[in-house]
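Structure assessment
Below, each chain spelled out in residue letters.
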Amino acid sequence: MLQFHEQIITDLLEDPTGGLVVISTGLGLQKLIASLLTRHDPSQGTLLILSATPSQKSSTLSSLDRNPSSDEDANMPSEITSDLPANSRLFLYNSGNAFFITSRILIVDLLTSRLPVTSVAGLIILNAHLLSETSTEAFIVRILRSSNKSLYIRAFSDKPNAMVSGFAKVERTLKCLYLRKLHLWPRFHVYVSQDLERDPPEVVDLRVPMTANMRGIQKAVIEVMDACLKEMRRTNKVDVEDLTVENGLFKSFDEIVRRQLDPIWHTLGKKTKQLVSDLRTLRKLLDYLVRYDAVTYLKFLDSLRVSENFRSVWIFAESSYKIFELAKKRVYRFGRSHGGDLSAQKKTVAVKKRKLKDIVKEKNDSPSENTSSEVVLEEVLEVPPKWKMLREVLKEIEEERQKQVTDKEDNNNGIVLVVCKDERSCMQLENFIMNGPHKVMRDEWENYLLSKVEVHALPKHNYKKKSKDPKGFGILNGIMSTTSGQNAEPSSLNKQENDLLIAAATKLRKQKDVLVVDDPISSEPIKGCGRGKKKGSNKSAIMENQKTSAAGSRNEADTAAVDNVDEGLSKGLPTDCCVLRKHSDDLTADSSKDEKLCLPIHFYAIESDQHILDVLMPSVIIAYHPDMAFVREVEIYKAGGCSSDLKVYFLFYDESTEVQKFEASIRRENGAFESLIRQKSMMTIPVDQDGKCLGPSSSVEPESIHSQNLVTRKAGGRKEVEKETQVIVDMREFMSSLPNVLHQKGMRIIPVTLEVGDYILSPSICVERKSIQDLFGSFSSGRLYHQVEAMVRYYRIPVLLIEFSQDKSFSFQSASDIGDDVTPNNIISKLSLLALHFPRLRIVWSRSLHATAEIFSSLKANQDEPDESKAIRVGVPSEEGIIENDVRAEIYNTSAMEFLRRLPGVTDSNYRVIMDNCNSLSELSMLPVERLAELMDGLKAAKTLRDFLDAKYPTLH
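As the structure is a computational prediction, the values presented were derived from the model and not from experiment.

Observations concerning the overall build of the protein chain
Along its length, the protein chain carries 39 helices and 21 strands. Taking all 957 residues of the protein chain together, the buried fraction comes to 45%. Per element, the accessible surface of the protein chain, about 51100 Å² overall, is 52% carbon and sulfur.

Topic: the nonpolar core
Counting 79 residues, the largest nonpolar core has Tyr297, Trp314, Leu390, Leu429, Trp445 and Ile622 as the members making the most contacts within it. In terms of nonpolar packing, the next biggest core, distinct from the first, is built from 61 residues, Tyr93, Ile101, Leu110 and Leu742 among them.

What to know about the packing of helix H38 (residues 929-936) against helix H39 (residues 939-950)
Between H38 and H39, the shortest axis-to-axis distance is 8 Å and the interhelical angle comes to 125 degrees. Between H38 and H39, the angle is such that the two are oblique. For H38 against H39, the interelement crossing comes out right-handed. Judged by residue contacts, Val929, Leu932, Ala933 and Met936 of H38 engage Leu939, Ala941, Ala942, Lys943, Leu945 and Arg946 from H39. When the residues that make up the contact of H38 with H39 are grouped by side-chain class, the tally is eight nonpolar, no polar and two charged.

Here we look at helix H5 (residues 103-111)
Within H5, seven of the nine residues are buried, which leaves the element mostly enclosed by the surrounding structure. Of all the positions in H5, only Ser103, Ile105, Leu106, Ile107, Val108, Asp109 and Leu110 are classed as buried. A positive backbone phi angle near 60 degrees is found at Ser113, which sits one or two residues after H5.

Observations regarding the pattern of salt bridges
Tallied over the entire structure, the rule returns 37 salt bridges. The shortest N-O distance in the salt bridge between Glu6 and Arg39 comes to 3.0 Å. Placement of the pair is Glu6 in helix H1 (residues 3-14) and Arg39 in the loop between helix H2 (29-38) and strand E2 (46-50), with a sequence separation of 33 residues. Exposure remark for Glu6: the relative accessible area of 33% places this residue in the partly exposed category. With a relative accessible area of 39%, Arg39 lands in the partly exposed category. Between Asp774 and Lys770 there is a salt bridge, with the nearest N and O atoms lying 3.7 Å from each other. Taking relative accessible area as the criterion, Lys770 reaches 1% and is therefore assigned buried. Members of the salt-bridge network, linked through shared partners, are Asp287, Arg291, Asp422 and Glu607.

Here we look at the sheet that holds E2
The sheet built from seven strands is open, its strands ordered E3-E4-E2-E5-E6-E1-E7 with parallel pairing. Two strands close off the open sheet at either side, each with one partner strand: strand E3 (78-80) and strand E7 (182-185). Across this sheet, the average inter-strand angle for adjacent strands is 25 degrees, counted without regard to direction. The sheet contact formed by strand E5 (residues 120-125) and strand E6 (residues 152-157) spans four bridges and is parallel.

Here's the deal with the sheet that holds strand E19 (residues 765-771)
The strand order E17-E16-E18-E19-E20-E21 describes an open sheet built from six strands, whose pairing is mixed. Here the strands that pair on one side only, and so sit at the sheet edges, are strand E17 (748-752) and strand E21 (842-846). Here strand E16 (residues 726-730) pairs with E17 via five bridges, running parallel. Pairing of Val727 across the sheet is with Ile749, part of E17. Its contacts with the sheet put helix H30 (residues 783-794) on E19 and strand E20 (797-803), and the angle it makes with E19 is roughly 165 degrees.

Brief notes about the packing of helix H10 (residues 212-233) against helix H12 (residues 270-291)
The geometry of H10 relative to H12 is characterised by a closest axis approach of 10 Å and an angle of 160 degrees between their N-to-C directions. Classified by the angle between their axes, H10 and H12 sit roughly antiparallel to one another. The way H10 lies across H12 gives a crossing that is left-handed. Contact with H10, carried on its side by Met214, Ile217, Gln218, Val221, Ile222, Val224, Met225, Cys228, Leu229, Glu231 and Met232, involves Lys271, Thr272, Leu275, Val276, Leu279, Leu282, Arg283, Leu285, Leu286 and Leu289 of H12 and no other residues of that element. Per-class residue counts for the contact of H10 with H12 are 16 nonpolar, two polar and three charged.

Thoughts on the pairing of E5
Where burial is concerned, most of E5 is hidden: six out of the six residues are buried. Examined bridge by bridge, E2 and E5 share five bridges and lie parallel to one another. The residue bridging Leu48 from the neighbouring strand is Leu123, located in E5.

Quick word on the state of the cysteines
Under the counting rule described, the total for this entry stands at zero disulfides. Note on Cys420: no disulfide assigned, nearest cysteine sulfur contributed by Cys426 at a separation of 4.0 Å.

Remarks on the side chain of Thr281
Mapping Thr281 onto the fold places it in helix H12. With relative accessibility at 7%, the residue Thr281 sits in the buried group. With sequence-adjacent residues up to four places away left out, Thr281 is seen in contact with Leu304, Glu308 and Trp314.

Examining the confidence of the model for the protein chain
Across the protein chain, the average pLDDT comes to 77, with 72% of residues at 70 or higher. Of the regions scoring below 50 in pLDDT, residues 567-577 engages in 16 contacts with residues more than four places distant in sequence or in other chains. Taken as a whole, residues 585-589 scores under 50 in pLDDT and shows four contacts with residues more than four places along the chain or in a different chain.

With respect to the packing of aromatic side chains
The full count for this structure, using the stated rule, is 14 aromatic pairs. Three or more aromatic residues joined by ring pairs make a cluster, and in this case those are Tyr288, Tyr292 and Phe300.

Some words on the side chain of Ser778
With respect to the secondary-structure elements, Ser778 resides in helix H29 (residues 772-781). On the basis of relative accessibility, which here comes to 0%, the residue Ser778 falls in the buried class.

As for the environment of Leu949
Of note, Leu949 is situated in helix H39. With a relative accessible area of 29%, Leu949 lands in the partly exposed category. C-alpha of Leu949 to C-alpha of Pro904: the two residues are 45 residues apart in sequence and 9.6 Å apart in space. With sequence-adjacent residues up to four places away left out, Leu949 is seen in contact with Leu924 and Ser925.

Observations concerning the environment of Leu501
Note on placement: Leu501 falls in helix H20 (residues 492-512). Since its relative accessible area comes to 3%, Leu501 is described here as buried. The sequence separation of Leu501 and Tyr332 amounts to 169 residues, and the corresponding C-alpha distance is 10.0 Å. Beyond its immediate sequence surroundings of up to four residues, Leu501 is in contact with Tyr332, Leu377, Trp445, Leu449 and Lys452.

Regarding unusual backbone geometry
Notably, Met617 is not glycine yet its phi reads approximately 50 degrees, a positive angle. For Met617, the location among the structural elements is in the loop between helix H24 (613-616) and strand E14 (620-623). According to the relative accessible area criterion, Met617 is partly exposed, its value standing at 45%. Positive phi outside glycine occurs at Asn862, with the angle close to 60 degrees. Position of Asn862 relative to the elements: it lies in the loop between helix H32 (849-860) and helix H33 (868-873).

Each value, and the rule that gives it
Residues numbered from 1 in each chain as written. Predicted model: local features only at pLDDT ≥ 70, side-chain atom pairs only at ≥ 80, totals over all residues. Heavy atoms only, no water. Helix = DSSP H or I, 4+ residues; strand = E, 2+ residues; numbered from the N terminus. Buried < 20%, exposed > 50% of the residue type's maximum accessible area, 1.4 Å probe, protein only. Areas by Shrake-Rupley, 256 points an atom, 1.4 Å probe, with all protein chains shown as cover. Core = buried A, V, L, I, M, F, W, Y, C linked by side-chain atoms within 4.5 Å. Axes fitted to C-alpha atoms, helices over the stretch in contact; angles between N-to-C directions. Parallel < 35°, antiparallel > 145°, perpendicular 65-115°, else oblique. Left-handed = near helix turned anticlockwise from the far one by under 90°. Contact = heavy atoms within 4.5 Å. Nonpolar A, V, L, I, M, F, W, Y, C, P; charged D, E, K, R; others polar. Salt bridge = Lys/Arg side-chain N within 4 Å of Asp/Glu carboxyl O. Pairing = 2+ DSSP bridges. Disulfide = S-S within 2.5 Å. pLDDT = per-residue confidence, 0-100. Phe/Tyr/Trp six-rings, centres within 6.5 Å; stacked < 30°, edge-to-face > 60°.

Okay, structure coming up:
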């Protein structure tokens, strides 16, 4: 540990109630947690660690393993899961050790008194930036604080940008955790700077120039993004200061925009909503431009062209066509064999149409051989410039190490760590180091071509039939131009280019496939055009054919579809023509492929979120995709006792958004800490915020003025003894924040496992709570129908609670989107049908969690308290098969009704009509087909049931 780590721990230990620590990203938060765990004494009580991610758990445990002071197993924390029985969890709670635990398990054990509150010494809460007044962690802290005054709480966050989002975020976090101390540790802190800059690593900053096409794509994407931002500014719905291109480079930009638009989301037009999605897509385009190779980038653009062609705004911007054109030029050129480029001929619409007519006429008049020999695809396969620089850096490192070996200085022979953003980049770079750049680009190009064949082989659906001779429409010669992606015909030039791509892919597929045919005259098998297998006997060929035929009809169908594609292409393009001109660099062997590197290279993906520097202990680090958090980890690694001289290479694309994003991330974090420092100097913290004034049954919300005035109107001003209200809550509902809000209102929460409903307010009121997202999913899966059916069956007053988020619009859809007709996909239509099907169902709309608590209080007025034992048994059959509180059993014979619903032809839509018109199953069996058709709403269902009832029982002769 470094000295500033020791100082942070010292500051925390000075305050017995704990504190909130906000630290810069990458400054060794896991080492702080590990050090606090080593200082924990089991005699103090149990230490619980909340809200830890899997990567934080693994990094903390690995830090404890490397800590020389943690030799004893008692300091190693274990994890408490729901798989452990209650007795085992109680034993662990009383052991005094440290445990990782989820907030859901802990709150349930607290409410059911399975956890002795006095045995808990303290809490360590990670990711404090995610907490709020209604979070489960705040619920846990309030219960523990009210019963255990000596409890300490130490909360941590390494996301300072998230701590300044919203109004008074840090003050509200301190309030919900009952803390008074805020500790800020930015990178520019004096103690941090002294430790990290005492012996810094040797840094080499390499700026790689982008290719002309990459610069053009980046410029075009920024222009389109700026156009989208200007369009959004016209709506006057968003703060203009936040709508900058620099903010648009970060994922938090989506959160900033949605936070402002969510309350008025239902009033926005479709164009504004689409702009928010388009900005997310454009950010990906900028990010993928510097991360992926040219072929992968083109493949991503092709997928966007298909998925977003009908509704996107950015794709119709003025500069968007440059993105697609330049991306294609990085991979291939479409032109004539004598060197002309067909794509450069597109200037105006009229000229384009005339040239397309000339091309079509020339194609129809001239033989196919001449046409195919004139138009070709020329491979470009632009190699990312960073690959060449990475190869040069590795060669330089190897030469330096060979020089050290000759000079007998063998001190720097450690691992070379190459750091990338994602796993795919790591695998691709490893392939590049092993096989050379052109081999990697060739494989990507071939996969791209083969995917074209697979897509082209899919069956086409004609959604709209066009007349053969549409006269009287359009602008010129009866041809009407359409803007819809489904109805628009591809131009002749694009179609010719697409045909050439598929023809090249088909030729490549034939080269890769090996066709072995049994020849009765010759024992030699007939080989395909590409790589062939070794000569074998006819027997082995027959066995292979049998295996292939046994694979199933699916492969045969795919092969037939591809053959149809080949046959269709062969009509326009002969198979012996040269449709694809390979790149000239492939004619010579790749020189870098023969130069094998003898370095121990390890690739690491930042997205894996694993701290491996102390494990691998590299001597050279190459930041292929520089990241601010990883840079801090390198500094901590070097300052923490790295024995050898550490050398770090940074690879940036010069004048790219990659550099801009890296520098902006540092500025944003420094600005966040400056804002937190100002807030800390002006914060007003109540004296009793340490939680020591909380009582066992205290409520956070003060008593309303109206209720206080009611007391003075009664004789003597005596306040009536309030009856303790209780709510039975299903275990699964503790994933939401509603139980916390109900507890704040002074209700007693009883967590149990319920078969029917989510909340039991009284013996007759059962509530099924649905958030908006859950409501749509429940309608799609049909789960809501069965849940409401069970509530109607067992409770007198079934309630469906539809709960909205407080910071979002209190509406399903805008008023203009609500139609007059009933449609199966409309959520209003589904709710209407649900209410018609279950007349006793009550639908309650809630604007927020606090509004739900008020609704529950009003529903519980003048109602008896629910019984826990009865609520648990509802819906669960006993050993005799009897179900308690079955309202339906009082009206119908439940067993006979269940038997009726299983008969063929009886559905959910007609079984109620049958029960209302038939007194028994025997009466149903005597009805004629005509009467059954009336009751079952169809002759087919009636015949199905009649045939089943009249069927003879098979007997053995």
